[in-house]
Every structure is written in C-alpha cells, then in structure tokens.
Amino acid sequence: MFELLFLLLPVAVGYGWFMGRNSVKQKKQHAKDSLSVKYSTGLNYLLSNQQDKAMDYLLEALEVEDDTVEAHFAMANLFRRRGELDRALKVHEYLVRQPMLSDKEKQQAVFELGRDFYSAGLYDRAEKMFAKLLKSTMYGNKSLTYLLHIYQSTKDWDQGVALEKSVVKSKDKKLRHVLANFYCELASIAIAKDEYIKELELLQKALELDPKSSRANLLMAQVFENTEQFNNACRCYKEIFLQDQEFFPDVIDKMQNCYQRSDHSDEYYPFIKQVYDKSGSTSALIKYLDFVIDTQSKKKAEEYLLSALNRRPTIRGFKHFIKMQLNEQGTDASSQSLDVIKELVAAYLNIKPRYSCRNCGFNSTVHYWSCPSCHDWEQLKPVRGLEGE
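## A short note on helix 4 (residues 85–96)
Compared with an ideal rise of 1.5 Å per residue, which puts 12 residues at 16 Å, helix 4 spans 16 Å between its outermost C-alpha atoms and is within 8% of the ideal. Every buried residue of helix 4 is accounted for by L85, R87, A88, L89, V91, H92, Y94 and L95.

Okay, structure coming up:
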C-alpha cells in the first residue's frame, strides 16, 4: 500500500505543476484578452471622434510599469504641444496617483502636472505642484523659476521675496535678477507712500541680490532726490552708466537736473563727454553741445556735431542740426524750408519705436521694466543705430 502511494506521489506532483502552469497561462491570456479589448475599444472611440472616452480606455490599457512610464510622458507631451491641455492633465494626474513610480518618475510627473496647470492659467494649482519640488535636486530650480513667473503674473511680490533663501541657495544669477526686480516693485509702492526707511531697505536688498540692477539705482536716486540728498543721487546716476550704458540715455535729463542742485554742478558736462566718448550716445552728444556753445561758440558746436554725424549718423542728431540752423536763420524762405524738414523728421521719429527688448526684439514707444512680450526684466532699452541712439 505504502509502495503504491510512493509511486503515485511523483504523478501527483507532476499533475499539480501542470495544472498550476495552465492556470497561470489562462490568467495571462485573460489579461491579454482584456487588454486587447480595452485597446480596441479605445481605438474605436478615437476613430469615432469620442476622444475623452478613448483616453479613459487607452490609459487603462497602458498599464503603468517600468517600460511604459516614458510612453505616458510622451503621450502627455504630445497632447500639450497640440494645445490639448485637458488630456495632458488627465495623463499626468493618472501618473501622479500611481504608487509604483520611482521618486525620480514621481517628481517628473508632479513637475509636468504643474506645467499643465501653469499653461492652463490655473496658477493656484500650479503653485502647489511646484512648491512640492523646491527641495528637489533635479526640479528645484525649474520649479523656483515657474513660481517666480506665477508671482510676477499675479503681481504677488511679497510671495516672491519669501522665496529669497531658495533663490540665493540656487546661485542662479537670472533668478537673483528677477527677485531684485520684485524688491524694486515693492520699493516703488513704498516710494508712493513716502516710507523712506522701507524704501532704502528694499532697494539695498535689490542691489545685494543684483549689483548690476540699473533700476534699483534709478529708484535709489529718486529716493535721494525726494529727500534733497543730491550728491548721493548723482552718485547713483553715475552707477547706472557703469551698470548699463545702453539704458543710460534715459536718465541724462534727470541727472542734469540733479547735478544743477548738487555741490558738484561743474562735474556734469565732463562726465557727459566721457559718456559720449565711450558709448557714442546721441543724447549725450546733444547735451554736450550745450556745453560747447557756452564755453566756445555756436560755430564750434556745429562743427563738432557735423564731425560726429559723419562718423556715426543718426536721425536724432540730424534733427538737432536742423534746429541749430533754424536758430541762426531769420524768417526767410530757407528758414521756412528748414522748419518743414524739422517737422517731417520729428513726425518720422514719433512713429518709430523708442525702445527695443534686447531679449526678444519687442518694440515700444514707451518704457516697461518687464517686457510685455517675453516678460524678462530690464531688457527694454533705447533703440541703437540710425533711428535711435
């Protein structure tokens, strides 16, 4: 009896192995059949233009495993490029909910979901996503950039400066430049309220973050002028030239007014001469001509201007030359002709943009600290060349 049982034991084991193997095959086949049904159903919905239902079935069919995660991200990016943000959101939200993703994949899913919310204008939701990633090695700086974009769009300057520690830690010069302008925005509000101590503190913070911020020094000069500290204001204007020669023509008139009320009024024209020699600015040239007329003669000034126009012709310089000629003429026919030419040149210049963004090329007749096109800070500067400086 025992011998018979001993002989039947291998048979029982073999039978159990066979049945178990067959059961696994059946399960796999059932899963494949189910997957095939979901795929075909999803494709049918897609072909019949019922894209939302198609998305649901295809997402179920494309199970999230190590070898399909990239397929999910690729599909979502395709939807986003096509402007189908609702579908990109659905894929990324689906990925975020999956527990089997690695930390790297989870962070990528959260970041991409934040980008979807940002593109859709859902800033509050995007903010929550990016805030989760501030300590991420891979997505920390990118998330910080998006957060500053959000606060810039919503003009929530206080929320932006609350990120100062993260910005300083990032060692990213562009982020420091952006945050310096947030402090300038807050300083402008303080100036309007005449909060002297707060103005200085905010502007000092801005210059600590970005020592090359011409905007911070321009506001600082305004603060000093408001409190009749003209020598300090003049120093700020000089700093602007050292920081940004292209922007400096916009502050020449303010600087002149400040020097006239300071203890160093005799230093203004020699400095303007240096500005012209280094930058070739037409605004600096026109200012310096006043000094030449006062100290030498009008003829010398005209010769100086003609020589400058031969080397570097500009329409603004030509307009000023006509103006000088008109001052010498009486009321004869030639004077009237010159006056017509002057008016035509002035009309031409009035329709031309005064400022151009050095980042994206946006043109404007008025100045903006943040470019309306690319939203970069302190990039709109006076136009250079024949029609500008």
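On we go from here.
## Side note on the pattern of salt bridges
Under the counting rule described, the total for this entry stands at 16 salt bridges. For the salt bridge of K381 with D244, the shortest nitrogen-to-oxygen distance reads 3.0 Å. Note that K381 is positioned in strand 3 (residues 380–382) and D244 in the loop between helix 13 (230–243) and helix 14 (252–260), a separation of 137 residues in sequence. Judged by relative accessible area, D244 falls into the buried class, the value being 10%. The residue D250 makes a salt bridge to R354 at a minimum N-O spacing of 3.3 Å. Residue D250 is located in the loop between helix 13 and helix 14, and its partner R354 is located in the loop between helix 19 (333–351) and strand 1 (355–357); the two are separated by 104 residues in the primary sequence. Judged by its relative accessible area of 24%, R354 falls in the partly exposed class. What you see here is one network of salt bridges that share partners, running through R80, E112, R115 and D116.

## Regarding the side chain of H320
Turning to its location among the elements, H320 is positioned in helix 18 (residues 315–328). Setting aside anything within four residues of it in sequence, one finds H320 in contact with I286, L289 and L305.

## Looking at the confidence of the model for the protein
When the pLDDT values of the protein are averaged, the result is 85; 81% of them are 70 or greater. Segment residues 4–9 is flagged for pLDDT under 50; beyond a separation of four residues in sequence, or across chains, it makes zero contacts in the model. Counting interchain partners and residues more than four positions distant, the pLDDT-below-50 stretch residues 24–36 has one contact.

## A short note on the environment of F230
By the secondary structure assignment, F230 is in helix 13. Classification of F230 by relative accessible area gives buried; the value is 10%. Linking F230 and Q260, residues 30 residues apart in sequence, is a C-alpha distance of 9.0 Å. Apart from the residues lying within four places of it in its own chain, the contact partners of F230 are E225, C258, R261 and S262.

## A word on the sheet that holds strand 1
Taken together, three strands build an open sheet; the order of strands is 2-1-3 and the sheet is antiparallel. A single partner strand is all that each edge strand has here, and the edge strands are strand 2 (363–364) and strand 3. Taken together, the three bridges between strand 1 and strand 3 define a ladder with antiparallel strand orientation. Pairing of C357 across the sheet is with L380, part of strand 3.

## Structural notes on the packing of helix 13 against helix 14
Relative orientation of the contacting elements helix 13 and helix 14 amounts to 150°, with a least axis distance of 9 Å. By the angle between their axes, helix 13 is roughly antiparallel relative to helix 14. The handedness of the crossing between helix 13 and helix 14 is left-handed. Contact residues: F230, A233, C234, Y237 and K238 in helix 13; K254, M255, C258 and Y259 in helix 14. Looking at side-chain class alone, the contact of helix 13 with helix 14 contains seven nonpolar, no polar and two charged residues.

Calculation notes
- Residues numbered from 1 in each chain as written.
- Predicted model: local features only at pLDDT ≥ 70, side-chain atom pairs only at ≥ 80, totals over all residues.
- Heavy atoms only, no water.
- Helix = DSSP H or I, 4+ residues; strand = E, 2+ residues; numbered from the N terminus.
- Expected span 1.5 Å × (residues − 1).
- Buried < 20%, exposed > 50% of the residue type's maximum accessible area, 1.4 Å probe, protein only.
- Salt bridge = Lys/Arg side-chain N within 4 Å of Asp/Glu carboxyl O.
- Contact = heavy atoms within 4.5 Å.
- pLDDT = per-residue confidence, 0-100.
- Pairing = 2+ DSSP bridges.
- Axes fitted to C-alpha atoms, helices over the stretch in contact; angles between N-to-C directions.
- Parallel < 35°, antiparallel > 145°, perpendicular 65-115°, else oblique.
- Left-handed = near helix turned anticlockwise from the far one by under 90°.
- Nonpolar A, V, L, I, M, F, W, Y, C, P; charged D, E, K, R; others polar.

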